[in-house]
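# Report on the structure
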Amino acid sequence: MARAAKKDKEVSLETVLWNCRVALRGIGSTEKNRDAVISLVFLKFAGDKFEKRYQELKEQYGSDEGLFNIMKAKVSSYNSVNVFYLNETSRWSYIVAHAGDNDIAVILDTAMADIERMNPSLKGALSSRDKDGNSVYTFFATLGATTAKLKDLIDNVNKIDKKRFQDEDLIGRVYEYFLQAYAASGTKEDGEFYTPACVVKLIAEMIEPYSGTVYDPCCGSGGMFVQSMKFVDRHKGNRQKISIIGQESNPDTWRLCKMNLAIRGIAHNLGEKNASTFTDDLHRDKKVDYVMANPPFNLKGWRTKDQLTDDPRFKGYGGVIPPVANANYAWVEHIISKLDVTHGIAGFLLANGALNADGDEKTIRSQILEKDFVEAIIVLPRDMFYTTDISVTLWIVNMNKHAGTVNGRQLRDRTNQVLFMDLRTWNQNIEEIVIDKRKKKKKTVLTDEQITKVKQVYNNWQSNDTSLYKDVPEFCQSATLDEIRAKDYSLAPSKYIEFIDHDLDIDYEKEMSLIQSEMKVVLKTEKKSQAMLEEAFRGIGYGID
């Protein structure tokens, strides 16, 4: 009797993704490994979407062979529904079928070139540039991976399938996994492209980007944009009312962002190239409704000594410009310059050092406060970011703090007031990210309930119903500009939020009586043990009296 075929062992999506990560272990840098994996994941999802659209066209026009042949070959038949057109050799099915070919690296590079050529919205996303600025498609050919290694990676990526893993947002889940995992396992510079999802979600919930233009001047892998769209989805809004613009200086991260947004069907304008927001602003003179950003912390050398001294973005702040040695306030001033002056609102992250920085930075901070741009300062828990454990602050800048109606809420006049919140004690929720089989990294995360609480406190503070908000010791405090002036323009929440000396609540008489009773028991037990030990030694003729 023939033996029954062994049923394939079911594996989790996380196991499949882990196998993708380790397929190229030992080949190139973490960054190269990341780009190889995510590029193939892009090809896989682009191929799946193409095949689905192809079948839709077949069902719609299949009865007329001539018309079907015309429609299936038209790029617009696919692009019109946010699907990329793929020629035969660029399709995932072709790549899988030829995964073991000796020239698979060339096949992959050619597929990238063809896809970019036939889909203008992907220009620059799938290629690198040579010293003359020309597009180059040699990533896989120069990666240094053997045919067997590439085939292993392709075979594992091929297992990421919606039919196998019933997940409504499989694309999002897969991309988030890889972006998080590679950020956690990289160096400080490697990890700057990624902001933890819970932090980005908090920013989105605070500034509420329901409609208008969302801008990120240092967009990394595009997490801010993805979460702004998820915010719209959560609140049953209309994605068509949101437009996305951004900029990124790192060429590899710029391409990563374009792929991340493109495969999710999020229209965007990241400029024609990667470029420094400070020295080559690709969206010059553009005003936006929302800014979401996580600039590199304490960036050095963002300009030369004599550079940008007459730039209008840095005018009007006490006659000084941010120092060459630290770009923190350059980011703040740039963000303010982009906001619509009537209603623009921004949520962005800075290292805590910016709250008390002195010298020219203090001068700039005092002017920002006197212009009444700052609405809220929220210190986050430590150890939330993957490549640094420093404490970070969320700044909310609002160009309109007057009374009015915003998203159906009646707001009071908050002129010359700032809300301070301190979340540093919210460090109980720990997430483990697997770096290697014997290595994990633990990071603090905010739960959805905690994000909701922060948003509620902020909204209650803004509300026309003043009974909704109250200062809470060791958590939140509303401060006036006069109080901030008295604190020498410091924005450290600890300067304003009431601290409770818990030692004053201790009943010393009661506590000392309890300790006394416990010590009596300890000493009595110790004496009994000593007596038993002495008796035991006497019993064997070796007294220790």
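It should be emphasised that the depicted structure is a prediction, and the values quoted were computed from it without experimental measurement. (Residues numbered from 1 in each chain as written. Predicted model: local features only at pLDDT ≥ 70, side-chain atom pairs only at ≥ 80, totals over all residues. Heavy atoms only, no water.)

### Considerations on the state of the cysteines
The condition is simple: Two cysteine sulfur atoms make up a disulfide if the distance between them is within 2.5 Å.
On inspection of all chains with the given rule, the structure shows 0 disulfides. Summary of cysteine pairing: C257 is not part of a disulfide, and the nearest cysteine sulfur, belonging to C219, is at 3.9 Å.

### Observations regarding the UniProt feature "domain: N6 adenine-specific DNA methyltransferase N-terminal" (unreviewed entry) in the protein chain
For the record, the criterion: UniProt positions are given in the numbering used here, feature names are shortened, and annotations may be inferred rather than shown by experiment. To qualify as a helix, a DSSP run of H or I must reach at least 4 residues; to qualify as a strand, a run of E must reach at least 2; elements of each kind are numbered from the N terminus.
Per the UniProt annotation, the sites labelled "domain: N6 adenine-specific DNA methyltransferase N-terminal" (unreviewed entry) are residues 13-155. The span residues 13-155 shows a helical share of 59% and a strand share of 3%, and its end C-alpha atoms are spaced 14 Å apart.

### Remarks on unusual backbone geometry
For the record, the criterion: Buried, partly exposed and exposed residues are distinguished by accessible area as a fraction of the type maximum, computed with a 1.4 Å probe on protein chains only: under 20%, between the cut-offs, and over 50%, respectively.
Residues other than glycine seldom take positive phi values, yet N298 does so here, at roughly 55°. Residue placement: N298 occurs in the loop between β5 (290-293) and α13 (328-338). For Y489, which is not glycine, the phi torsion reads 65° and is therefore positive. Residue position: Y489 is located in the loop between α16 (481-486) and α17 (508-539). For Y489, a relative accessible area of 17% translates into the label buried.

### Focus on the sheet that holds strand β11 (residues 417-422)
Here is the rule we go by: Here, strands pair whenever DSSP counts at least two bridges between them. Interaxial angles span 0 to 180 degrees and are taken between N-to-C directions of axes, which are lines fitted to C-alpha atoms, for helices over the stretch in contact.
Taking strand neighbours across the sheet as the criterion, the 8 strands line up as β4-β3-β5-β6-β8-β7-β11-β14 in an open arrangement whose pairing is mixed. Looking at the sheet topology across the chains shown, the edges are occupied by β4 (242-246) and β14 (476-480). For this sheet, the mean inter-axis angle between neighbouring strands, taken without regard to orientation, is 20°. Relative to strand β8 (residues 392-398), strand β6 (residues 345-351) runs antiparallel, the two being bridged by 7 bridges. Looking at β8, one finds that F348 is bridged to W395.

### Details of the packing of helix α6 (residues 104-118) against helix α7 (residues 147-157)
Short version of the rule: Should an angle fall under 35 degrees it is taken as roughly parallel, and over 145 as roughly antiparallel, whereas 65 to 115 is taken as roughly perpendicular and any remaining angle as oblique. We call two residues contacting when some pair of their heavy atoms lies within 4.5 Å. Following the grouping adopted for this structure description, the nonpolar residues are Ala, Val, Leu, Ile, Met, Phe, Trp, Tyr, Cys and Pro, the charged ones are Asp, Glu, Lys and Arg, and the polar ones are all others, Gly among them.
Contact pair α6 / α7: the axes reach a minimum separation of 9 Å and the direction vectors enclose 50°. As far as their axial angle goes, α7 and α6 are oblique. Between α6 and α7, the residues in contact are I104, A105 and L108 and T147, L150 and I154, respectively. Here the contact of α6 with α7 is built from residues that sort into 5 nonpolar, 1 polar and no charged.

### Some points on the pattern of salt bridges
Applicable threshold: What makes a salt bridge here is a side-chain nitrogen of Lys or Arg within 4 Å of a carboxyl oxygen of Asp or Glu, nothing more.
Under the counting rule described, the total for this entry stands at 29 salt bridges. With a closest N to O distance of 2.3 Å, D252 and R255 form a salt bridge. Here D252 pairs with R255, and both are found in helix α12 (residues 251-263), just 3 residues apart, close to one helical turn. The class for R255 is buried, based on a relative accessible area of 15%. Residue E375 pairs with R414 through a salt bridge whose shortest N-O separation is 2.7 Å.

### What about a nonpolar patch on the surface?
Heads up, the rule is: Patch construction takes residues with relative accessible area above 30% that form no salt bridge. Like charges are linked within 9 Å, and nonpolar side chains (Val, Leu, Ile, Met, Phe, Trp, Tyr) are linked within 5 Å. A 1.4 Å probe and the Shrake-Rupley method give the accessible areas. Residues count as covered only by the protein chains that appear here.
Together, M512, I515, M519, V522 and L523 line one region of the surface with nonpolar side chains, adding up to about 450 Å² of accessible area. Tracing the backbone through its elements, the reader meets M512 in helix α17. On the basis of relative accessibility, which here comes to 52%, the residue M512 falls in the exposed class.

### Description of the packing of helix α2 (residues 30-61) against α12
Rule in force here: Working rule for handedness: look at the near helix, and if it is turned counterclockwise from the far one by less than a right angle, call the crossing left-handed; if clockwise, right-handed.
Between α2 and α12, the shortest axis-to-axis distance is 10 Å and the interhelical angle comes to 25°. Relative to α12, the element α2 is oriented roughly parallel. Here α2 and α12 pass one another in a crossing that is left-handed. Residue-level contacts link E31, R34, D35, I38, S39, F42, F45, A46 and K49 of α2 to D252, L256, M259, A262 and I263 of α12. Residues belonging to the contact of α2 with α12 are distributed by class as follows: 8 nonpolar, 1 polar and 5 charged.

### Considering the nonpolar core
Quick note on the threshold: By nonpolar core we mean a set of buried residues, namely Ala, Val, Leu, Ile, Met, Phe, Trp, Tyr and Cys, connected to one another through side-chain atoms within 4.5 Å. How far each domain reaches was decided by an automatic or database domain assignment.
The biggest cluster of nonpolar side chains holds 68 residues, and the ones touching the most others in it are F42, I160 and F178. Examining the composition of this core, we find that 12 residues originate from one element, α2, more than from any other. Counting only domains with at least three residues in this core, you end up with domain 1 (13-167) and domain 2 (197-495). Dropping the residues within four chain positions of it, F178 is found in contact with L17, C20, R21, V37, I38 and V41. L270, Y290, M292 and L419 belong to the second-largest nonpolar core, a separate cluster that totals 51 residues.

### Observations regarding the pairing of β11
Sheet faces and side chains relate simply in a regular strand, where the side chains alternate between the two faces. Burial analysis of β11 places 6 of its 6 residues in the buried class, the great majority of the element. Taking every second residue as pointing to the same face, both faces of β11 are buried, with Q417, L419 and M421 on one and V418, F420 and D422 on the other. With 4 bridges connecting them, strand β7 (residues 374-379) and β11 associate as parallel partners. Residue pairing for β11: I377 is matched across the bridge by F420. By the bridge criterion, 5 bridges tie β11 to β14 in an arrangement that is antiparallel. Looking across to β14, one finds that L419 is bridged to S478.

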